[in-house]
Amino acid sequence: MRKLKNSELGRPSIDVFKETTKIPLIVVLDNIRSLNNIGSVFRTSDAFLIEKIYLCGITAKPPHKDIHKTALGATDSVEWEYVEDTLSLVEKLKVEKLKVIAIEQTENSTMLQDFNIEFNQKYAVIFGNEVKGVQQKVVSEADICIEIPQFGTKHSLNISVSVGVVLWDLFKKFRF
């Protein structure tokens, strides 16, 4: 078995990528502290054809060298926008008929593997702060809370890992 060179992977140019049909999914970052985590979210969103990323609250915005270090150019391919208040954004998205999903451990949360998408529905998925998670006032406004099952001793996953797990799962449900 031989590793493929980047030139053999057949990846689209940024211009072609921007014209590619995306899955009907928006990522919302609620007060993410780590610039490396933000860059990782951009790179993962590029990989799974996410429509847009909203950066909210204290979440840093490109251009920034530490975001770029992990995004590896995905800040140029993935559409993004900064919005100061996550709750205001959630209210706006709900008016636009998006279903809002908070990724959080809550009473009556739905396990990720049990969540089924509606095919003519657009979604916004919210990931929260590395320490405090998604703000309670934002969780309260969400249409549903999805929890990633965990079986070890720790209480949470790193946000970049959570984004990878959730986006891959939802991408599969939209595409396959």
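Overview of the structure. (Residues numbered from 1 in each chain as written. Predicted model: local features only at pLDDT ≥ 70, side-chain atom pairs only at ≥ 80, totals over all residues. Heavy atoms only, no water.)

### Some details on helix α2 (residues 35-47)
Right, so step 1: Taking 1.5 Å of rise per residue, 13 residues should cover 18 Å, and α2 covers 19 Å from first to last C-alpha, within 8% of that figure.
Right, so step 2: For α2, the complete set of buried residues consists of Asn37, Ile38, Gly39, Ser40, Val41, Phe42, Thr44 and Ser45.
Right, so step 3: The inward-facing, buried residues of α2 abut β1 (23-30), β2 (50-56), α3 (65-71), α4 (74-77), β3 (80-83) and α7 (159-175).
Right, so step 4: By the N-cap criterion, in which a side-chain oxygen at the helix start approaches the backbone nitrogen of a residue two or three places on, α2 is capped by Ser34, the distance to Asn36 being 3.3 Å.
Right, so step 5: Note on α2: the residue one or two positions beyond its end, Leu49, has a positive phi of about 55°. (Helix = DSSP H or I, 4+ residues; strand = E, 2+ residues; numbered from the N terminus. Expected span 1.5 Å × (residues − 1). Buried < 20%, exposed > 50% of the residue type's maximum accessible area, 1.4 Å probe, protein only. Contact = heavy atoms within 4.5 Å. Polar contact = N/O pair within 3.5 Å; in protein donor to acceptor, adjacent residues only side chain to side chain.)

### Overview of the sheet that holds β3
Right, so step 1: Within the open sheet, the 7 strands sit side by side as β3-β2-β1-β6-β4-β7-β5. Their pairing is parallel. The open sheet terminates on both sides in strands that have one partner only, identified here as β3 and β5 (110-111).
Right, so step 2: Relative to strand β7 (residues 144-147), strand β4 (residues 99-103) is paired through 3 bridges, and the arrangement is parallel. Looking at the pairing, Ile103 lines up with Ile146 of β7.
Right, so step 3: Along the sheet, α2 makes contact with β1, β2 and β3, crossing β2 at roughly 165°.
Right, so step 4: Its contacts with the sheet place helix α5 (residues 86-95) against β1, β2, β3, β4 and β6 (123-128), and it is angled at close to 145° to β2. (Pairing = 2+ DSSP bridges. Axes fitted to C-alpha atoms, helices over the stretch in contact; angles between N-to-C directions.)

### So, a nonpolar patch on the surface
Right, so step 1: Side chains of Leu157, Val161 and Val165 sit close together on the surface and give an oily, nonpolar patch of about 200 Å² of accessible area.
Right, so step 2: The residue Leu157 is located in the loop between β7 and α7 in this model.
Right, so step 3: Residue Leu157 is classed as partly exposed on the basis of its relative accessible area, which comes to 35%. (Patch = residues over 30% accessible without salt bridge, like charges linked within 9 Å, V, L, I, M, F, W, Y side chains within 5 Å. Areas by Shrake-Rupley, 256 points an atom, 1.4 Å probe, with all protein chains shown as cover. Salt bridge = Lys/Arg side-chain N within 4 Å of Asp/Glu carboxyl O.)

### Considerations on the pattern of salt bridges
Right, so step 1: Inspection of the entire model under this criterion finds 10 salt bridges.
Right, so step 2: The shortest N-O distance in the salt bridge between Glu51 and Lys122 comes to 2.4 Å. With Glu51 in strand β2 and Lys122 in the loop between β5 and β6, this pair connects stretches of sequence that are 71 residues apart.
Right, so step 3: Since its relative accessible area comes to 25%, Glu51 is described here as partly exposed.
Right, so step 4: On the accessibility criterion, Lys122 (28% relative accessible area) is partly exposed.
Right, so step 5: In the salt-bridge network here, residues are joined through shared partners; they are Lys52, Glu79 and Glu81.

### A short note on the nonpolar core
Right, so step 1: Ranked by size, the top nonpolar core spans 35 residues in total, and within it Val27, Leu29, Val125 and Phe127 carry the most contacts.
Right, so step 2: Elements that contribute at least two residues to this core include exactly β1, α2, β2, α3, β4, β6 and α7.
Right, so step 3: When residues in this core are grouped by element, the largest group, 7 residues, is from α7.
Right, so step 4: Ignoring any residue separated from it by four or fewer positions in sequence, one finds Phe127 in contact with Val27, Val28, Leu29, Asp30, Ile32, Ile103, Val134, Ile159, Ser162, Val163 and Val166.
Right, so step 5: By size, the runner-up hydrophobic cluster in this structure holds 19 residues, among which are Val83, Ala102, Ala124 and Cys145. (Core = buried A, V, L, I, M, F, W, Y, C linked by side-chain atoms within 4.5 Å.)

### Description of a negative patch on the surface
Right, so step 1: Taken together, the side chains of Glu84, Asp85, Glu91 and Glu141 define an acidic patch exposed on the protein surface.
Right, so step 2: Looking at where Glu91 falls in the secondary structure, it is placed in helix α5.
Right, so step 3: Residue class for Glu91 comes out partly exposed when judged on its relative accessible area of 40%. (Lys, Arg positive; Asp, Glu negative; His and termini not counted. Charge placed at Lys NZ, Arg CZ, Asp CG, Glu CD.)

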